[in-house]
Amino acid sequence: MSALITPELVALDTHLGSEPKDVIRRLAELVVESGRATEIEALYADALAREAKTATGIPGGLAIPHCRSSAVLEPTLALARLSTPVDFGSKDGPADLVFLIAAPEGADQEHLKILAKLARSLMKKDFTTALRDASTAQQIVELVGNVVAPVPVAAGAGAHTASAAENSNAGTGPAQIGVKRLVAVTACPTGIAHTYMTADSLVAAAKAVGVDLQVETQGSAGVTPLDPAVIAAADAVIFAVDVDVRGRERFAGKPVINAPVKRGIDEPGRLIEEALAAALNPNARRVSGTVDLGGASEERSEHLGQKLKRALLTGVSYMIPFVAGGGLLIALGFLLGGYEITEVADDVVLNNSLFNLPDGGMLIYLGAVFFKIGALSMGFLVPALAGYIAFAIADRPGIAPGFVAGAVAGFMGAGFLGGIVGGLLAGVVAASFAKLNVPRWLRSLMPVVIIPLIASIVASGLMFVILGGPIALLTVGLGDWLNGMTGASAVILGVILGLMMAFDLGGPVNKVAYAFAVAGLGAASLANQAPWQIMAAVMAAGMVPPLAMALATSIDKKLFSLSERENGKAAWLLGASFISEGAIPFAAADVFRVIPAAMLGAAVTGGLSMAWNITSKAPHGGMFVFFAIDNFLLFVLAIAIGTVVSAFAVVGLKRYAVRKPAVSEAIPVNA
């Protein structure tokens with residue numbers, strides 16, 4: 001097993017930038033230069049994505065950005081001791097010791113256990129003090145080696161078995177009779193650092209107040225579940241997690257405190273106090289026997305707007321595959337059977353076969369089959385949207401009532417607006433009933449019978465009796481407005497959609513614009529082509545950012561690093577395929593110049609697409625669904641114009657707006 005850290009991976013007493021992204025990028029460069037990773041941009045993007053989920057600053061002037069990445073060849077630690085501390089989001093101030101932990105996607109258990117042990121060591125003040133006092137990189141390497149080399153990790157170290165040992169004297173002595181017993185689960189998205197550091201922080205805080213706490217760490221080093229007897233004896237449970245708890249039902253009925261995993265590092269004592277208070281409070285939130293609908297998300301200061309956004313984006317993400325596949329199949333049906341296939345498709349697929357072809361032969365038959373499959377797939381648009389909105393709110397008990405409410409919305413002509421309302425209603429009702437503390441004999445019936453029945457009656461009943469009609473009128477009005485848009489109003493809509501598509505390159509704003517486009521496809525027809533025009537504008541605008549970055553790297557290579565120029569080559573294909581995320585590596589490295597430039601070109605393309613009445617019957621595919629795009633040459637021209645505008649804009653901004661070097665300066669490393 002190779003060393004986790006070498007002198008080449010240590011940067012001592014140096015300035016690496018004023019923001020976390022600057023430090024992370026420089027450390028990623030060290031990892032690549034040492035031959036432990038293949039690509040700077042990929043590692044940097046993965047580490048930055050993890051940083052965006054939860055700030056990695058921890059008390060004591062430390063920061064531990066970390067990630068799993070396909071670019072990493074072997075588990076690696078890169079360390080920077082900063083001459084100018086950088087704020088990584090810790091409550092006690094900026095960090096001067098920054099550790100980048102990089103793990104391969106398929107790291108073996110022994111390596112992951114070493115990384116977990118290192119993360120735990122960072123909670124010990126004598127270790128971090130020694131790191132600050134070290135005068136050479138070699139001393140740093142030796143300090144780390146002394147911590148991780150012995151690796152006396154028992155099989156099953158995935159559970160925080162040390163916590164039981166450390167607390168063995170805290171909850172068993174005569175003076176501790178009656179002291180509360182707690183259990184906890186810690187888990188973070190990567191399962192490398194925060195999972196174990198939070199466990200140790202909670203254990204130490206519990207020991208300080210004489211509380212017996214045992215922790216189950218659900219991390220990359222494996223999981224050893226807590227003994228059922230330990231769980232049964234516990235008075236309360238702490239879920240310090242950023243992901244779903246595995247085996248949550250084991251804690252059913254226990255008072256629960258939900259918190260982000262990082263809070264277990266920042267405020268471990270406060271969490272212990274809250275858990276003790278919950279244990280004494282008969283009205284405290286408890287873990288449901290089926291699904292904990294008052295889960296972590298509700299305790300993470302997530303306000304109503306965030307909850308709604310999360311639910312809507314979940315519904316859209318699950319809906320898109322139905323629409324994407326269905327739209328392409330409908331387009332293929334038109335290609336093979338012509339636009340008249342809509343009038344005869346039902347009759348052809350029911351009364352003909354490969355051995356009994358209709359008039360017109362094989363093309364008409366296949367066109368009818370493709371069209372009908374696509375139309376049936378598109379029919380799931382509203383039910384799937386509503387079903388998975390309800391799922392995001394209430395988990396599995398919300399799916400059935402959500403689908404039913406969505407089907408009712410479709411039946412009443414309320415469209416995707418009705419699906420959104422129906423899904424929210426179904427989710428809220430299902431979540432409310434799932435919170436009920438029912439007798440044990442009734443719990444098994446709740447998620448499969450009682451909740452779907454009641455939530456379907458309430459949500460779908462309200463849609464039929466009160467909400468469906470008004471929403472249907474609103475949907476018809478919206479459709480008439482879109483269908484009647486011409487000239488300047490259509491161009492303005494195209495500009496707005498273009499700006500949204502380039503604003504966050506696959507993020508929530510991008511998804512809202514895309515969802516708006518695909519949701520209208522179900523109402524499109526030869527007589528109502530406005531939804532097809534909107535789809536074309538959205539797809540064309542979304543292709544501009546990666547294509548523009550690819551062109552910019554060809555116009556002036558000196559403005560871009562070697563890795564950016566390599567990404568530019570791949571961005572040609574990504575852009576042609578309508579994958580806006582192809583521009584993310586460029587935006588991550590230079591957001592304030594890349595994003596405005598991308599938005600400018602995308603807005604031009606969106607406006608031109610609407611002005612030229614370009615239509616797309618396919619919701620995805622870019623250049624490769626040319627057969628589904630009318631006025632294809634104008635479609636290409638609109639994209640080309642926007643691409644040129646964005647490319648020259650980003651080149652101009654990089655040359656003249658707050659110039660900074662494209663290639664990072666060498667990092668001083670003391671060996």
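Provided above is the structure to which this section pertains.
Residues numbered from 1 in each chain as written. Predicted model: local features only at pLDDT ≥ 70, side-chain atom pairs only at ≥ 80, totals over all residues. Heavy atoms only, no water.

Novice: Just checking my understanding: could you explain the overall build of the protein chain for this structure?
Specialist: The secondary structure content of the protein chain amounts to 25 helices and 12 strands. Out of the 671 residues in the protein chain, the part that is buried amounts to 52%. For the protein chain, the proportion of contacts with a sequence separation of at least 24, taken over those separated by at least 6, is 76%. When the accessible surface of the protein chain is summed, it comes to about 27,600 Å², and 63% of that surface belongs to carbon and sulfur atoms. (Helix = DSSP H or I, 4+ residues; strand = E, 2+ residues; numbered from the N terminus. Buried < 20%, exposed > 50% of the residue type's maximum accessible area, 1.4 Å probe, protein only. Contact = heavy atoms within 4.5 Å. Areas by Shrake-Rupley, 256 points an atom, 1.4 Å probe, with all protein chains shown as cover.)

Novice: What is the right way to look at helix α12 (residues 341-351) in this model?
Specialist: One turn of the α-helix equals 3.6 residues, which is why residues spaced by three or four share an orientation. Within α12, the full set of buried residues consists of I341, A345 and V348. End-on view of α12: buried residues confined to an arc of 90 degrees, all on one side of the axis. In α12, the exposed positions that point more than 90 degrees away from the buried face belong to E343 and L350. (Arc of directions from axis to C-beta.)

Novice: Help me understand the pairing of strand β8 (residues 212-217), please; the structure alone is not making it clear to me.
Specialist: The side chains of a regular strand alternate between the sheet's two faces. The buried fraction of β8 amounts to five of the six residues, a majority that puts the element mostly inside the structure. Alignment of strand β7 (residues 181-187) against β8, held across six bridges, turns out to be parallel. Across the sheet, R181 pairs through a bridge with D212, a residue of β8. (Pairing = 2+ DSSP bridges.)

Novice: So what exactly am I meant to see when it comes to the packing of aromatic side chains here?
Specialist: Both the distance between ring centres and the angle between the ring planes are used here to describe each pair of aromatic rings. Using the criterion set out here, one finds 14 aromatic pairs in the structure. With centroids separated by 4.2 Å and ring planes inclined at 15 degrees, the aromatic side chains of Y318 and Y388 adopt a geometry described as stacked. Separated by 70 residues along the polypeptide, Y318 in helix α11 (residues 304-337) and Y388 in helix α14 (residues 381-394) bring together distant segments of the chain. Relative accessible area serves as the criterion here: at 19%, Y388 is assigned to the buried category. With a centroid separation of 6.0 Å and 85 degrees between ring planes, the pair formed by Y318 and F391 is classed as edge-to-face. You can see Y318 sitting in helix α11 and its partner F391 sitting in helix α14, a full 73 residues away along the chain. For Y318, a relative accessible area of 36% puts it in the partly exposed group. (Phe/Tyr/Trp six-rings, centres within 6.5 Å; stacked < 30°, edge-to-face > 60°.)

Novice: Help me understand the sheet that holds strand β9 (residues 236-241) in this model?
Specialist: Across the sheet, which stays open at both edges, the four strands sit in the order β8-β7-β9-β10 with parallel pairing between neighbours. Two strands bound the open sheet, and with one partner strand each, they are β8 and β10 (256-259). Looking at each pair of strands side by side, their axes are set apart by 15 degrees on average, direction ignored. As judged from the six bridges shared by β7 and β9, these two strands associate in the parallel manner. Its bridge partner lying in β9, T186 is registered against A240. Sheet contacts for helix α7 (residues 194-208): β7, β8 and β9; angle to β8, the most-contacted strand, approximately 175 degrees. (Axes fitted to C-alpha atoms, helices over the stretch in contact; angles between N-to-C directions.)

Novice: Where do I start with the nonpolar core in this structure?
Specialist: A general feature of soluble globular proteins is that nonpolar side chains tend to end up buried together. One finds V538 and F635 to be the most contacted residues of the largest nonpolar core, which totals 79 residues. Considering each element in turn, this core owes the most residues, 14 residues, to helix α21 (residues 530-555). Aside from chain neighbours lying at most four places away, what touches V538 is L497, M501, A513, Y514, A517 and F578. (Core = buried A, V, L, I, M, F, W, Y, C linked by side-chain atoms within 4.5 Å.)

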